[in-house]
Amino acid sequence: MLRVSEKEILQRFRTDSPWWKNRDDIRWKEDPKRVYFTPFFELVTEKKINRAVVLMGPRRIGKTVMVHQAIAELIRKKVEPRRILYVPLDNPLYSSLSLEKILLMFVELNSIAQDESSYLFFDEIQYLSDWERHLKSLVDSYPQHRFIVTGSAAAALKLKSNESGAGRFTDFILPPLTFHEYLKFSGAGIKLFGREDVPVNYLSVFVRETEKVEELNEEFVNYINFGGYPEAVFSEEIRANADRFIKNDVIEKVLLRDLPSLYGIRDIPELNRLFTMLVHNTGQEVDLQGISKDSNVAKGTISRYLEYLEAAFLIKRVSRIDRNAKKFKREHKFKVYITNASMYPALFGTLERDNRTVLGKLVETAVLSHYFHLAEYSEKPYYARWKNGEVDLVTMDTTGVTMAVEIKWSDRPLENSSEIKGLLDFAEKHKLTSSNSLVCCTLSKSDIKRYGNKDVLFFPTSLFCLLLGQYLNTREFRESLIKSVVEQHN
């Protein structure tokens, strides 16, 4: 058999990096940017710390697009195009090459001097065996160059980067689209508000316009059905077959290919059944004993599957606290949420507005998914449950409880305080009295009501998610994100 020649590989370099010939020939450079682009680009260009950037996240969430947009930005900032290489490692042509060999061929081809820096982007790094060892060696041996890698098989990336890349890698997680990004990318935000962002002083007017809130809720349901994935938002064809796109191209490739190949899982149907059950019960409290009994699978196996699914960014476990906000030493019970509400319709069918029962748990899932963005870089969310009460979402810092949120896809709580009995009880215990710290998410109505000495803010869930998404686009969040990402491996 004929071996792939060096000449063929070099020609592939030129094909994969067309900006060498035409500096404007960069895919997706004109597409809207994720809110995460700016902090990601800051890490790409950070030269004070000698680390590779490992861009992780679920399949089809926009990692390759963001890499190309970073390349376009580098060229706009006067980096010579010949000093930027993009290598898609899922191309079999590169399978026999080490990262160092690719670097040396690139440097020689473009006559890059020893003291000259360059940027190398390795896409789908998991296709390279022992990638973390190879990448660590590059970081140590060639500090003048910047190395950025991406990967969709997030379980391997997350675990191996933590094991082998301490002090050499900076992990950067790209989550699903927020509701704010969905509105921006789809153009619905402009239609609703006449602008992409909603000023806080505009909300008091907006929330009283019932018709506008109803329109926003329509978009929120669309967001739940397909809006977590950029491709589905941009493409009418994909949107029309969102269930097939998400199920076949996102979920099944992880369950049927990525995780089995990475961890040697033999009983793939068993993993598939567990995941389907978790999707169907998103937001429900579960325990290992109960799952084991229902599925007839050993607790140890269930525990490993949960770790794999969480590392692959398909699910997120939320820990329980008691009425005193005390964490349990052993997590016998916890809630499991899918990280992207759009996975539910992909498996069980598109949802209509009148399907209140299912939408209720997916709306809660959507709210939690926005907090998961924040949780990667700050205190994670909890839920509280005790004998006579429950609160859907609790945030805490070192001083104690900072916020308690009840999530309802209904306006009934405004008229019936028993609907928020657990919230009021929890607030009393922790001396939460301000509407800044006590929130009940509703279907469409907004108000502030006083219960004893406690003010509760009632606010439409769709707007609540919109504001959380807007916060991710602030300088405050970007600065805290960069700081925490840089510090996480110190």
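Going by the structure above, here's the rest.
Residues numbered from 1 in each chain as written. Predicted model: local features only at pLDDT ≥ 70, side-chain atom pairs only at ≥ 80, totals over all residues. Heavy atoms only, no water.

Visitor: What exactly am I supposed to notice about the pairing of strand β12 (residues 438-442) here?
Guide: Consecutive side chains along a regular strand alternate between the two faces of the sheet. Taking burial as the measure, the five residues of β12 include five buried ones, the bulk of the element. Of the two faces of β12, the one carrying L438, C440 and T442 and the one carrying V439 and C441 are both buried. One ladder, built from four bridges, connects strand β11 (residues 400-407) with β12; its direction is parallel. Bridge assignment links A404 to a residue of β12, and that residue is L438. Pairing geometry for β12 and strand β14 (residues 454-460), over four bridges, is parallel. Bridge pairing in β14 links C440 to F458. (Buried < 20%, exposed > 50% of the residue type's maximum accessible area, 1.4 Å probe, protein only. Helix = DSSP H or I, 4+ residues; strand = E, 2+ residues; numbered from the N terminus. Pairing = 2+ DSSP bridges.)

Visitor: So what exactly am I meant to see when it comes to the sheet that holds strand β10 (residues 389-397) here?
Guide: The strands making up a sheet are joined through hydrogen bonds of the backbone, oriented either antiparallel or parallel. Spatial strand order, β6-β8-β7-β9-β10-β11-β12-β14-β13: nine strands in an open sheet with mixed pairing. Lying at the two open borders of the sheet, with one neighbouring strand each, are β6 (284-287) and β13 (447-451). Ignoring which end each strand starts from, the neighbouring axes of this sheet average 35° apart. Note that β13 and β14 share five bridges and pair antiparallel. Within β14, the residue paired with R450 across the bridge is D455. Strand contacts of helix α15 (residues 288-295): β6 and β8 (333-338), with the helix running at about 80° to β6, the strand carrying the most contacts. (Axes fitted to C-alpha atoms, helices over the stretch in contact; angles between N-to-C directions. Contact = heavy atoms within 4.5 Å.)

Visitor: Help me understand the packing of helix α13 (residues 242-263) against helix α14 (residues 268-280), please; the structure alone is not making it clear to me.
Guide: Helices that pack against each other are described as a pair by the angle of their axes relative to one another and the distance between those axes. Contact geometry for α13 and α14: axes closest at 10 Å, N-to-C directions at 140°. Considering the angle they form, α13 stands oblique to α14. Where α13 crosses over α14, the handedness of that crossing is right-handed. Judged by residue contacts, I251, L255, L256, L259 and P260 of α13 engage I268, L271, N272 and F275 from α14. In the contact of α13 with α14, the residues fall into eight nonpolar, one polar and no charged. (Parallel < 35°, antiparallel > 145°, perpendicular 65-115°, else oblique. Left-handed = near helix turned anticlockwise from the far one by under 90°. Nonpolar A, V, L, I, M, F, W, Y, C, P; charged D, E, K, R; others polar.)

Visitor: Is there a simple way to think about the packing of helix α2 (residues 37-44) against helix α3 (residues 63-76) in this case?
Guide: Orientation of α2 relative to α3, taken along the N-to-C sense of each, is 60°, at an axis distance of 10 Å. As for the relative orientation of α2 and α3, their crossing is right-handed in sense. Here α2 contributes F37, F40, F41 and V44 to the contact with α3, which in turn contributes M66, Q69, A70, E73 and L74. Residues of the contact of α2 with α3, tallied by class, amount to seven nonpolar, one polar and one charged.

Visitor: I tried to follow the side chain of K63 on my own but got confused; where do I start?
Guide: Note on placement: K63 falls in helix α3. For K63, which is buried and forms no salt bridge, the nearest opposite charge comes from E124, at a distance of 6.1 Å. A polar atom in the side chain of K63 sits 2.7 Å from the backbone oxygen of P58. (Lys, Arg positive; Asp, Glu negative; His and termini not counted. Salt bridge = Lys/Arg side-chain N within 4 Å of Asp/Glu carboxyl O. Polar contact = N/O pair within 3.5 Å; in protein donor to acceptor, adjacent residues only side chain to side chain.)

Visitor: Looking at this structure, how should I read the packing of aromatic side chains?
Guide: Aromatic ring pairs are described here by two measures, namely the spacing of the ring centres and the angle between the planes. For the coordinates displayed, the defined rule picks out 20 aromatic pairs. The interplanar angle of 40° and the centroid separation of 6.0 Å between the aromatic rings of F220 and W409 together place this pair among those described as tilted. Highlighted residues: F220 in helix α10 (residues 210-226) and W409 in the loop between β11 and α19 (421-429), separated in sequence by 189 residues. Taken as a pair, F220 and W409 share a single burial class, namely buried. With a centroid separation of 4.8 Å and 45° between ring planes, the pair formed by Y344 and F348 is classed as tilted. Highlighted residues: Y344 and F348, both in helix α17 (residues 343-348), separated by four residues, approximately one helical turn. (Phe/Tyr/Trp six-rings, centres within 6.5 Å; stacked < 30°, edge-to-face > 60°.)

Worth remembering: the numbers are spatial, not functional.
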